[in-house]
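Next come the chains, spelled out residue by residue.
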Amino acid sequence: MTAPSHLCKSHSLLAITALVLFLLSGCGSGQPVRVLPAGSSALTASLGGPIVPSKSPVGFVPYLTAGIQHGISDDLTIHGNLHLLMTAFAVGGLDLGASVRACHQNEAIPEVTVGARLIGFMKLGDPIAPRLYPDLSVNASWEIADRTLAYIGTHGTFQWKPGAFYVSPFLGMQFPLSSSFSLQTELIWQAANHDTRAGIFEGQSSIGGMGSFGGFIAGVFTL
């Protein structure tokens, strides 16, 4: 027997919402590791996601974002990203935010960058009812060679209803391939404080039943 169409639609929306909530807890390398110099801009693109061998033909959820960064001052960079994967589910996704330099690197003491952004999703074609999720991040980075950065940090993402906070530690490296293009690789433990042994990804790459292990690769093109 076929389920009523409104129930199928409801279940589809629940599945999409679960996917969105999990992915946004560490959705790509769209924020700068370090702020940009005043007046400079960069284009970014990021691909990656949770590692789920039995749920995806490529072994991970291919979450794709593309965005832009701009240095307002030497200590403040604004940034925004489009969440392109969600368009396949007729969901528009966008995040806007800013990152500030808290302190400069001083030999072994790392440079610290603090970021804040608002992530929004809206079902396309429906009445305007966006879902908004604040996200905070902090990372410490070391320049280990010319324009090569090693970094470590964490995201903290808020969900208003029913009320949840997702912590996603990460580490990565950014290194130049040319004078204007850098590659960024990142490993992340998404939603590390949440039990994921049941649900959409069934704990396939969880650590001790918590969160999901994922990876991202991003390109940064300086204009």
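Scroll up a little and you will see the structure.
I will try to describe carefully the structure that is included in this document. (Residues numbered from 1 in each chain as written. Predicted model: local features only at pLDDT ≥ 70, side-chain atom pairs only at ≥ 80, totals over all residues. Heavy atoms only, no water.)

## Digging into the pairing of strand β6 (residues 131-145)
So, point 1. Across 11 bridges, the pairing between strand β5 (residues 111-123) and β6 is antiparallel. Bridge assignment links I119 to a residue of β6, and that residue is Y133.
So, point 2. Pairing of β6 with strand β7 (residues 148-159), which is carried by 10 bridges, proceeds in the antiparallel orientation. Bridge pairing in β7 links W142 to A150.
So, point 3. Hairpin connection between β6 and β7: a loop of 2 residues separates the two successive antiparallel strands, and R147 in this loop has a positive phi of roughly 65 degrees. (Pairing = 2+ DSSP bridges. Helix = DSSP H or I, 4+ residues; strand = E, 2+ residues; numbered from the N terminus.)

## Notes on the nonpolar core
So, point 1. By size, the foremost hydrophobic cluster in this structure holds 7 residues: Y63, L85, M86, V91, I119, F121 and Y133.
So, point 2. With 6 residues, the next largest nonpolar core counts V33, L149, Y151 and I188 among its residues. (Core = buried A, V, L, I, M, F, W, Y, C linked by side-chain atoms within 4.5 Å. Buried < 20%, exposed > 50% of the residue type's maximum accessible area, 1.4 Å probe, protein only.)

## What to know about the sheet that holds strand β1 (residues 41-50)
So, point 1. Here 10 strands make up a closed barrel; going around it, the order is β1-β2-β3-β4-β5-β6-β7-β8-β9-β10 and the pairing antiparallel. The sheet shows a mean angle of 20 degrees between the axes of neighbouring strands, direction not considered. (Axes fitted to C-alpha atoms, helices over the stretch in contact; angles between N-to-C directions.)

## Overview of the pattern of salt bridges
So, point 1. All chains considered together, the criterion is met by 5 salt bridges.
So, point 2. One salt bridge connects E111 with R34, and the closest N-O pair in it is separated by 3.8 Å. Pair noted here: E111 is in strand β5 and R34 is in the loop between α1 (5-24) and β1, with a separation of 77 residues, a long-range link. Taken individually, E111 and R34 each receive the classification buried, so the pair is uniform in this respect.
So, point 3. Residues R101 and D75 are paired through a salt bridge, measuring 2.9 Å at the closest nitrogen-oxygen approach. With R101 in strand β4 (residues 91-103) and D75 in the loop between β2 (63-73) and β3 (76-83), this residue pair connects regions lying 26 residues apart in the sequence.
So, point 4. Taken together, the shared-partner salt bridges connect R34, D75, R101 and E111 into one network. (Salt bridge = Lys/Arg side-chain N within 4 Å of Asp/Glu carboxyl O.)

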